[in-house]
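# Descriptive structure summary
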Amino acid sequence: MADSKKRRRTDSTGDSLPFKNKLKPDSVILETLKDFSTSSSSSSATKTLTLQELSLPFACREVADLSLSSVQSNIESLVLKIAHSILSGQGFSFDVPSRSAANQLYVPELDRIVLKEKSSLRPFANISTVRKSAITARIIQLIHQLCIKGIHVTKRDLFYTDVKLFQDQIQSDAVLDDVSCMLGCTRSSLNVVAAEKGVVVGRLIFSDNGDMIDCTKMGMGGKAIPPNIDRVGDMQSDALFILLVEKDAAYMRLAEDRFYNRFPCIIVTAKGQPDVSTRLFLRKMKMELKLPVLALVDSDPYGLKILSVYGCGSKNMSYDSAHLTTPDIKWLGVRPSDLDKYKIPEQCRLPMTEQDIKTGKDLLEEDFVKKNPGWVEELTLMVKTKQKAEIQALSTFGFQYLSEVYLPLKLQQKDWL
C-alpha cells in the first residue's frame, strides 16, 4: 500500500510539469524528426549560389582558402611592390579593404553579408596612420615567418611577439583581419588560430589529426572543437539534426541528460559569442552530413544576434562570410512568444534595458531579419513587451524541464522558424 502511494505521488509530480501531458511517445517524435531530416538533406543537395554567379551592380570582395606557399607568394609580391615604391622615392602605403558598415551589404540570394570593393590607403608617411602601418608591416612579417616554418600560433601568441608596438590585442587582432583581406585568403590560411572555446557532444565521429574521436564517449564536457579546422575530417553520424546551443549551462544540462541518445543529434556550443573555429566546424558538419541545424538561444536581442552571426555572418569578418556561415539555421527557442505559451512566471522574466530595446529595434531594421517574417514578429513582440528571458528560466519548472519537456515538445510540434 505504501509503495502504491509513493508511486502515485511520483506520477502526479511528473504529470504536474506544464505541458508534459501533451507529449506523444518518443517514437512519434522521432518519425517527425526523420521526415524533417530527409527533407532538409534533399534541399541541401541543391547547388548553393556563389557570389560570382550573381549579377550584382557592384563589385564585391571575397577571400579563398589558400595554401601556405600561396600566402607566402602573395606576401612576397606585396613586399616587392612596396620596395619598388620606396626606391622610386614615393614612400609606401598599404591598400587596405574597408571593413566599415557602409562597405557591407546583405545579399538575400546568398542569405549572408558580403564586403564591397571599397578600400583606403594606409600611408606610412602620415602621422594619423603611421602606427597602424607599422603594425600592418609587423603582422605581415610574422605571417611570412609562419609560412616558412609551417606552424600554427594563437592570436595571443602573435600579440606577445611585439607587445610594445601592439599595446593591446584588440589592435593586433583587427590588423590581422585587414592582412587576411589584403592577401585575399581566409584567416585560417594565415595559420593563426584562436584558443579552443567551442565544444561538441553527441552522435558524431570524426578524425582529429589522424585520431578518431567518438563524441558519444566524451563525457559531460564533450570534445573541444579543434582550433585548426584543417585537421578535421572523416565525419560520420547517425544524427537527425544538429542542436546549436548558445550557453554552456544549457549545453551541460543536455549533455548530462544524454539528450542526444533520446533524440539522435549532435550538440554544439561556442559558450556565448561565436568564435571562428566553432563557426567553421558547424558549417563543415552541415555541408558534409547534410543535417538541419536548430538553434537554442536566450530570448533577448543578443541571442538573435548570435544566431545571425552563425547564419549570415558578422560584419567584422564579412570578407570571409562564404566560409564562416551556415545556411538555413532554424530558430527553435527560446522565443519571446514562448514566455506566455509555456507560462514562464513573471519573476523569471527580466526587464529589457534601454540598450536592449535599442538593439532590438536596430535588428528590426536589418535586411536579414526583415527577410524572415517569423523573426520580425517575435522581435516586435519582444520590443513591445520589453521582456527578455534566459534559457535557464525554464528551470523554474525543474532542472530537467529543458530536456524532458520543452525541447521534445518543440520538436514534436515542429515549432521552429
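The following paragraphs examine the structure supplied in this document. (Residues numbered from 1 in each chain as written. Predicted model: local features only at pLDDT ≥ 70, side-chain atom pairs only at ≥ 80, totals over all residues. Heavy atoms only, no water.)

## Some details on helix α3 (residues 68-87)
The end-to-end C-alpha distance of α3, which contains 20 residues, comes to 28 Å, matching closely the 28 Å that a straight helix rising 1.5 Å per residue would cover. Residues V71, I75, I82 and S85 constitute the buried set of α3. Down the axis of α3, the buried side of the element spans an arc of 80 degrees, and every buried residue falls inside it. Structural note: α3 exposes S69, L80, H84 and L87 on the side pointing more than 90 degrees away from its buried face. Looking at the buried side of α3, the elements it contacts are β2 (93-97), α4 (130-149) and α7 (169-183). Looking one or two residues past α3, G89 carries a phi angle of roughly 80 degrees, positive in sign. (Helix = DSSP H or I, 4+ residues; strand = E, 2+ residues; numbered from the N terminus. Expected span 1.5 Å × (residues − 1). Buried < 20%, exposed > 50% of the residue type's maximum accessible area, 1.4 Å probe, protein only. Arc of directions from axis to C-beta. Contact = heavy atoms within 4.5 Å.)

## A word on the packing of α4 against α7
α7 packs onto α4 with a crossing angle of 70 degrees between their chain directions and a minimal axis gap of 9 Å. By the angle between their directions, the pair α4 and α7 is classed as roughly perpendicular. Crossing angle aside, the handedness with which α4 passes α7 is right-handed. For the pair α4 and α7, contact is made by R131, K132, I135, T136, I139, I140 and I143 and by Q171, S172, V175, L176, V179 and M182, respectively. (Axes fitted to C-alpha atoms, helices over the stretch in contact; angles between N-to-C directions. Parallel < 35°, antiparallel > 145°, perpendicular 65-115°, else oblique. Left-handed = near helix turned anticlockwise from the far one by under 90°.)

## Let's talk about unusual backbone geometry
In this structure, the amide linkage connecting G333 to the following residue, V334, adopts the cis form with an omega of -15 degrees. When you line up the elements, V334 lands in the loop between β16 (329-333) and α13 (336-341). Despite not being glycine, K290 has its phi angle at roughly 55 degrees, a positive value. Within the secondary structure, K290 is located in the loop between α10 (276-289) and β15 (293-296). We note that K414 has phi near 50 degrees; this positive angle belongs to a residue other than glycine. Counting through the fold element by element, K414 comes out in the segment after α17 (401-412).

## Points about the packing of helix α11 (residues 301-312) against helix α14 (residues 354-364)
Where α11 contacts α14, the axes come no closer than 9 Å and their chain directions differ by 40 degrees. Taken together, α11 and α14 sit at an angle that is classed as oblique. When α11 is examined against α14, the residues P301, Y302, L304 and K305 are found in contact with a partner set consisting of Q355, D356, T359, G360 and L363. Looking at the contact of α11 with α14 residue by residue, the class counts come to 4 nonpolar, 3 polar and 2 charged. (Nonpolar A, V, L, I, M, F, W, Y, C, P; charged D, E, K, R; others polar.)

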